[in-house]
Every structure is written in C-alpha cells, then in structure tokens.
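Results of the structural survey
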Amino acid sequence: MRRAISEIVDSGLTTSEKDALWEHFRSCCAFCEASIERASRTGHIDHLNSDGGNGPSNRVLACARCNGDEKRERPWQEFLVEKSADAGVLAERRARIEEWVAQHARQVAETSPAVAAAYHEAEQIIDEFHAACTKLRDAVKNG
C-alpha cells in the first residue's frame, strides 16, 4: 500500500531512463547476471530498497527469480552477497549497482501543502489498517 501511494507522487522512470537502465545493466539481472529479454516477462525493473521511491536511483534490472522469489523486501546489499559466487563477483556487481545509483542521484520533488497533507493522511490510514490487522490476527490466534 505504501508503494502504491508513493507511485502516485513519484511516478517512476521515463522512457529514456528505462533505456539507460537496460543499457547500464547490459540486459542482465543486477543480482545474478542472468540475461533478461526486455520484451518478455523474464525480468523486471525492481526497487533496490522497498521504501526508496520509484526514481532511477532506486531501480535496477532483476530477473523473475531474483525479484519475485528470492529478494522480496530484503536489503539489496545482503541479497547481493548471497547471489555472488565469490568476493570478485560481489565487488563487480556491487560496483555496477553503486555506479548506477551515483549517476542518478535521487531528486526530491517539492510538493504542495495539499499533496503533503493527503500523503500524510494516506500514511495514517495504512498505519491504522496495519494495527487493525494485527488486532484481528491476535483475536483469531487467541480464539
């Protein structure tokens, strides 16, 4: 839910940014270097950090396995260690990701007071929903 409201404010990558991303990662998964076909569903433009926004500095290419089955919400640095066969491979993959991030420093857009207030209200609703789900889970668990 947080990602959904974030996407309303931070719409994501432009076509030229997507093109640059595919070129930078050589149409390969940033984590395991599996080849990804852009026109197919074998890959995805994945978030490095789940709360890092939708801009290019927080996006990399990920194969379906790494993105959908393995990484999930884990920190990318931790996951990359797991996916790298040795220290040399780890260093190369980390350098490629960090180079991309450095080239696309996150720019925080200014928002109007109305947008900031609506965003804050949506965040509060998510927190309330989470608390209600926790209460329900505990009630079911305890009978």
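Residues numbered from 1 in each chain as written. Predicted model: local features only at pLDDT ≥ 70, side-chain atom pairs only at ≥ 80, totals over all residues. Heavy atoms only, no water.

Our next topic: the overall build of the protein chain. Regarding its fold elements, the protein chain presents six helices and two strands. Its helices and strands taken in sequence order, the protein chain reads α-α-β-β-α-α-α-α from the N to the C terminus. Judged by the C-alpha coordinates and their principal axes, the protein chain covers about 50 × 45 × 30 Å. Counting only residues that meet the buried cut, the protein chain has 31% of its 143 residues in that class. Summarising the internal contacts of the protein chain: among those between residues at least 6 apart in sequence, 59% fall at separations of at least 24. About 9,300 Å² of surface is accessible on the protein chain, with carbon and sulfur atoms providing 52% of the total. Of the charged side chains in the protein chain, 19 are positive and 24 negative, and the gap between their average positions amounts to 5 Å. (Helix = DSSP H or I, 4+ residues; strand = E, 2+ residues; numbered from the N terminus. Buried < 20%, exposed > 50% of the residue type's maximum accessible area, 1.4 Å probe, protein only. Contact = heavy atoms within 4.5 Å. Areas by Shrake-Rupley, 256 points an atom, 1.4 Å probe, with all protein chains shown as cover. Lys, Arg positive; Asp, Glu negative; His and termini not counted. Charge placed at Lys NZ, Arg CZ, Asp CG, Glu CD.)

Per the counting criterion, the structure on display carries one cavity of 30 Å³ or more. In this model, the largest cavity occupies a volume close to 50 Å³. Every residue along the wall of the largest cavity is listed here: Phe25, Arg26, Cys28, Cys29, Ala30, Glu33, Arg93, Arg96 and Ile97. Residues that form the lining of the largest cavity fall into these classes: five nonpolar, no polar and four charged. (1 Å grid on protein atoms, 1.4 Å probe; cavity = no way out; pocket = protein on both sides within 12 Å on 5 of 7 lines; lining within 4 Å. Points joined across faces, edges and corners; volume = space filled by probe spheres on them. Nonpolar A, V, L, I, M, F, W, Y, C, P; charged D, E, K, R; others polar.)

What follows deals with the nonpolar core. Within the largest apolar cluster, 21 residues are counted, with the highest numbers of intra-cluster contacts made by Phe25, Cys29, Phe31, Val60, Leu61 and Ile97. Among the secondary structure elements, those contributing two or more residues to this core are helix H2 (15–24), strand S2 (59–63), helix H4 (76–83) and helix H5 (87–103). A total of four residues in this core trace back to one element, the largest contributor, which is S2. (Core = buried A, V, L, I, M, F, W, Y, C linked by side-chain atoms within 4.5 Å.)

This part is about the side chain of asparagine 58. Counting through the fold element by element, asparagine 58 comes out in the loop between strand S1 (43–47) and S2. Here asparagine 49 takes part through its backbone oxygen, which lies 2.9 Å from a polar atom of the side chain of asparagine 58. Residues in contact with asparagine 58, not counting those within four places in the same chain, are Asp46, His47, Leu48, Asn49, Gly52 and Gly53. (Polar contact = N/O pair within 3.5 Å; in protein donor to acceptor, adjacent residues only side chain to side chain.)

Quick look at the confidence of the model for the protein chain now. Residues of the protein chain with pLDDT of at least 70 account for 94%, and the chain-wide mean is 87. The lowest-confidence element of the protein chain is helix H1 (residues 2–9), averaging 73 in pLDDT; the highest-confidence one is H5, averaging 95. (pLDDT = per-residue confidence, 0-100.)

Attention shifts here to the pairing of S2. Among the five residues of S2, five are classified as buried, and the element is accordingly described as predominantly covered. Of the two faces of S2, the one lined by Arg59, Leu61 and Cys63 and the one lined by Val60 and Ala62 are each fully buried. The pairing of S1 with S2 spans five bridges and is antiparallel. Its bridge partner being in S2, isoleucine 45 is matched across the sheet by leucine 61. (Pairing = 2+ DSSP bridges.)

Any two packed helices are characterised by the angle at which their axes cross and by the distance between the axes. Between H4 and H5, whose axes approach to 9 Å, the crossing angle comes to 145 degrees. Pair H4 / H5 crosses with right-handed handedness. Between H4 and H5, the contacting residues are Trp76, Gln77, Leu80, Val81 and Lys83 on the first element and Leu90, Arg93, Arg94, Ile97 and Glu98 on the second. Class assignment of the residues belonging to the contact of H4 with H5 gives a composition of five nonpolar, one polar and four charged. (Axes fitted to C-alpha atoms, helices over the stretch in contact; angles between N-to-C directions. Left-handed = near helix turned anticlockwise from the far one by under 90°.)

Helix length check: H5, at 17 residues, gives a terminal C-alpha distance of 24 Å against a target of 24 Å (1.5 Å per residue), a fit within 8%. Three or more residues of H5 are buried, namely Leu90, Arg93, Arg96, Ile97 and Trp100. One side of H5 carries all its buried residues, which in axial view fall inside an arc of 135 degrees. Looking at H5, the residues exposed on the side facing more than 90 degrees away from the buried face are Ala87 and Ala102. In this structure aspartate 86 caps H5, since a side-chain oxygen of it lies 2.9 Å from the backbone nitrogen of glycine 88. (Expected span 1.5 Å × (residues − 1). Arc of directions from axis to C-beta.)

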